[in-house]
Amino acid sequence: METFQTILAKRLSDALIAAGLPHAAELTPATDPRFGDYQTNAALVLGKERSENPKILAAKILTQFDVGDLCDPPTVAGAGFINFTLRADAIARKAGEVLRNERLGVAKAKSTRRIVIDFGSPNVAKPMHVGHIRSTALGDALARIAQFLGHEVIRDNHVGDWGTQFGMVIYGWKNLLDREALQRDPLAEIVRIYKETNERSAKDPQVGEACRRELVKLQAGDRENVRIWNECVAFSMQDFDHIYKLLDIHYDIQCGESFYNDRLPGVVDRLLKSGVAEISEGAVVVFFRDIPELADKPCIVRKRDGGFNYATTDLATVDYRINDLKADGIWYVVGAPQILHFKQIFAIARREGYSADLRHITFGSILRADRKIMKTRSGENVPLRDLLEEACKRARKIIEEKNPDLSETDKIDIAQKIGIGAIKYFDLSQYRMTDYVFSWEKMLSLQGNTAPYLQNAYVRIRSIFRKAGESAPNIGNLILKSPAEINLAKRLCQFAEVVPQVLNDFRPNILANYLFELANSFHAFYETCQVLKLEEPARSSRLALCDLAGRVLQRGLDLLGIKVPEKM
Ligand code: ARG
């Protein structure tokens, strides 16, 4: 299905050709709704290029611009902007099309690709903390949106299940483990022995040495140590899975760092053979002498002692994803501290001749009210599990006040949808690069740009249908008369324009903000327009509009990984 924007853009390009001014020009939503719904700066761009008066060019373009079936006569404003205002009957027709369209008008991408999305990727033997929300929620939303647009998505959890910390974990396991505590809360006990070993080895070099020996034994495949390592990984994964269930996060594959261990020597051999890497002071190193920002930042792929690095694993990962999984693109949803790392990895991959589209999608931090990185009072990371449980608890309090008669099962279910939704939405509704201050009050507010506000708009729509005792009417065309309903219908037609935009710069906040505006438009409609008491055919038309608003809200929130309750 075509959107107003695609239709007008096509007509613009035809008009430019017909006017003898062929040019690639942009047609965008109007920046100021007072001037219309869409605009183009084509005449301005052409005017500059040809040193001609843009207003005269605009008039010339308009003589060839045939939009009478969609818009009022276009106007020229300012220095030469052409503005378009949609007509109510055109909006009614388009909204009718969207109404009958299962995808709500959203077309699949013209060229679809196979994309591996590497997101979440927590480290084993540490609990997931509040910082993991960003990568997890953002990666999941991008995966959902890419999939909806027709791309083939492989969601990969690149868990940190290998590395020097295991020397300490194994030493702690052998010397400090409390079996009962392990039974009670395995991950907490693993974290405890790891921390305690860490402290001991800082004080006592002999402990540090013993940890290194355990690590070497693990790397050499020692049976006992591999068994302990396996157990620790399994306990951690159980803990992650519990959180993923709460968050409704799914992975297609979970190839952690250890998955690539056998491939690391091959990676280094290949890099040496092709000359991408060289031996320098006993280590195998890639230099980037031709890339100014990396010129003094070489990447060590094999240390002098023969050990491999995080970077070596990521190079094996690129190879696996492109050659084995046949990915055309890899998106890494990983925080800004790893920008340098991924610049190096991408530069090496390009030198090796990989042409897949590699993207590092970064994000800012979550802060406390004092604008410091969010930590507990004792300076520890805030465990994600506690945070999610608190969100559900707080959401429950809100619904108990709002609707005390709900059954216990409903309360649990709705509290989870609202609590988890609030945390995800608060994150996704911000531009990903900005830091934000975590605030329960703001994210759980029933007013403003929050998940509960959007969920409440959906619930209000569902209650209209419950009251009516009927489902959405099957109608051919909408009848749009009052400004509020025209405005709502227009917004609903925009969904198809907004969703694909998210992937331009990986910004789910564009979709979130659209949904917020949609909910506002719905409320404005609901306050000024009657629905159930109306006569036919207006009643059915408005019911259909309500139904469409509900479906778009539900689908839009679903694309952000957020569920809607039927009541709250
Ligand atoms: N486990 C890493 C960390 O916590 C993130 C891994 C990101 N993915 C990757 N392919 N390097 O920092």
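Here's what I pulled together on the structure shown here. Not measured: the values here are computed from a predicted model.

## Some points on the nonpolar core
- Among the nonpolar cores identified, the biggest contains 152 residues, and Ile61, Leu387 and Leu511 are the most heavily contacted of them.
- Sorting elements by how many residues they give to this core places helix α10 (residues 223-247) first, with eleven residues.
- Ignoring anything within four residues of it in the chain, the contact list for Leu387 reads Val130, Ile133, Met374, Val382, Ile423, Phe438 and Trp440.
- Counting residues in hydrophobic clusters, the runner-up holds 36 residues, among them Val268, Phe288, Phe342 and Tyr354.

## Section: the sheet that holds strand β2 (residues 38-40)
- With respect to topology, four strands assemble into an open sheet ordered β1-β2-β4-β3, the strand pairing being antiparallel. Across the chains shown, the open sheet's two edge strands, defined by having one partner strand only, are β1 (27-29) and β3 (75-77). Within the sheet, the average angular offset between the axes of one strand and its neighbour, ignoring direction, is 35 degrees.
- Bridge count between β1 and β2: three bridges; the pairing is antiparallel. Residue pairing across strands places Pro29 opposite Tyr38, the latter belonging to β2.

## Quick notes on the sheet that holds strand β9 (residues 299-302)
- Ordered by their spatial adjacency, three strands build an open sheet running β7-β8-β9, and the pairing between neighbours is antiparallel. Pairing within the sheet leaves two strands with one partner each, and these edge strands are β7 (278-280) and β9. The average angle at which neighbouring strand axes cross in this sheet is 50 degrees, direction not considered.
- In this sheet, strand β8 (residues 283-286) lies alongside β7 in antiparallel orientation, the contact comprising three bridges. Paired with Ile279 across the bridge in β8 is Val284.
- Contacts from helix α11 (residues 264-273) reach β7, β8 and β9 within the one sheet, and its direction differs from that of β9 by about 120 degrees.

## Description of empty space enclosed by the protein
- Within the structure shown, the criterion is met by two cavities of 30 Å³ or more.
- Computed from the structure, the largest cavity encloses a volume of approximately 50 Å³.
- Together, Ile133, Thr136, Ala137, Leu247, Ile249, Ile423 and Lys424 line the largest cavity.
- Counting only elements with at least two residues in the lining of the largest cavity, the list comes to α5 (132-148) and α15 (408-428).

## Description of the layout of surface pockets
- Space inside the second largest pocket adds up to approximately 830 Å³.
- Of all the elements in the fold, those that place two or more residues in the lining of the second largest pocket are α1 (4-18), β1, β11 (357-361) and α18 (483-501).
- Per-element accounting of the lining of the second largest pocket gives the leading share, four residues, to α18.
- Of the residues belonging to the lining of the second largest pocket, the class tally is 14 nonpolar, nine polar and eight charged.

## Observations concerning the site of the ligand
- Inspection of the region around the ligand gives Asp118, Ser121, Asn123, His158, Tyr310, Asp314, Tyr332, Val334, Gln338 and Phe342 as its neighbouring residues.
- Here Asn123 contributes a side-chain N or O atom positioned 2.8 Å from a nitrogen atom of the ligand.
- Within the side chain of Asp314, a nitrogen or oxygen atom sits 2.7 Å from a nitrogen atom of the ligand.
- The protein chains hide 86% of the 350 Å² of surface that the ligand would expose on its own.
- When grouped by side-chain class, the residues that make up the shell around the ligand number four nonpolar, four polar and two charged.

## Overview of the pairing of β8
- Of the two faces of β8, the one holding Ala283 and Val285 and the one holding Val284 and Val286 are both buried throughout.
- Counted along the chain from β7 to the antiparallel partner β8, the turn is two residues long, and its residue Glu281 has a positive phi close to 50 degrees.
- In this sheet, β9 lies alongside β8 in antiparallel orientation, the contact comprising three bridges. Bridge pairing in β9 links Val285 to Ile300.

## Brief notes about unusual backbone geometry
- A cis amide bond, omega 0 degrees, links Glu536 with the succeeding residue Pro537.
- Secondary-structure assignment places Pro537 in the loop between α19 (508-528) and α20 (538-559).
- Even without a glycine there, the phi angle at Glu281 is positive, about 50 degrees.
- Tracing the backbone shows Glu281 in the loop between β7 and β8.

## Observations regarding the packing of aromatic side chains
- Tallied over the entire structure, the rule returns 18 aromatic pairs.
- Between Phe166 and Trp229, the aromatic rings sit 6.4 Å apart at their centres with planes inclined by 75 degrees, giving edge-to-face as the arrangement. A residue pair is termed long-range when its members are at least 10 positions apart, and Phe166 in helix α6 (residues 165-176) and Trp229 in helix α10 qualify at 63 residues. When sorted by exposure, Phe166 lands in the same class as Trp229, which is buried.
- Pairing Tyr453 with Phe516 gives two aromatic rings, centres 5.7 Å apart and planes at 65 degrees, and the pair type is edge-to-face. With Tyr453 in helix α17 (residues 451-468) and Phe516 in helix α19, this pair connects stretches of sequence that are 63 residues apart.
- Grouping aromatic residues by their ring pairs yields a cluster made of Phe119, Tyr244 and Tyr251.
- One residue, Lys94, lies across the ring of Phe4, its end atom 5.7 Å from the ring centre.
- The ring of Phe148 is capped by Arg103, whose NZ or CZ atom sits 4.4 Å from the centre of that ring.

The rules we used
- Per chain, residues are indexed from 1 in the order of the written sequence.
- Where local features are concerned, this predicted model is filtered to residues with pLDDT of at least 70; where side-chain atom pairs are given and counted, the filter is 80 or more; whole-chain, interface and lining totals use all residues.
- Side-chain figures throughout are based on the complete set of non-hydrogen atoms in the structure, without hydrogens or water.
- What makes a nonpolar core is a set of buried Ala, Val, Leu, Ile, Met, Phe, Trp, Tyr and Cys residues whose side-chain atoms join them at distances within 4.5 Å.
- Throughout this description, buried means an accessible area under 20% of the type-specific maximum (1.4 Å probe, protein chains only), exposed means over 50%, and partly exposed covers the range between.
- Comment: elements are numbered from the N terminus, with helices defined as DSSP H or I runs of at least four residues and strands as E runs of at least two.
- Contacts: residue pairs with any heavy atoms within 4.5 Å of one another.
- Any two strands are treated as partners once DSSP identifies two or more bridges connecting them.
- Angular values range over 0 to 180 degrees, each being the angle between N-to-C directions of two axes fitted as lines to C-alpha atoms, with helices fitted over their stretch in contact.
- Within this scheme a cavity is a closed region of a 1 Å grid, computed over the protein atoms alone, that accommodates a 1.4 Å probe without allowing it to escape, whereas a pocket is open but has protein on both sides within 12 Å along at least five of seven lines; lining residues each have an atom within 4 Å of a point.
- Grid points are joined across faces, edges and corners, and a volume is the space filled by probe spheres set on the points.
- Any residue that is not Ala, Val, Leu, Ile, Met, Phe, Trp, Tyr, Cys, Pro, Asp, Glu, Lys or Arg is counted as polar, Gly included; the first ten are nonpolar and the last four charged.
- We call a residue near a molecule or strand whenever a single non-hydrogen atom of that residue lies within 4 Å of it.
- Polar contacts here mean pairs of N or O atoms no more than 3.5 Å apart (in protein, one a potential hydrogen donor and the other a potential acceptor; neighbouring residues in sequence count only if both atoms are side-chain atoms).
- Note on areas: Shrake-Rupley, 1.4 Å probe, and residue coverage restricted to the protein chains presented here.
- Ring pairs shown here join Phe, Tyr and Trp side chains whose ring centres sit within 6.5 Å, with only the six-membered ring taken for Trp; geometry is labelled stacked below 30 degrees between planes, edge-to-face above 60, and tilted in between.
- By the criterion adopted, a ring carries a charge over it if an Arg CZ or a Lys NZ lies within 6 Å of its centre and within 35 degrees of its normal.

By themselves, these figures tell us nothing about what the structure is for.
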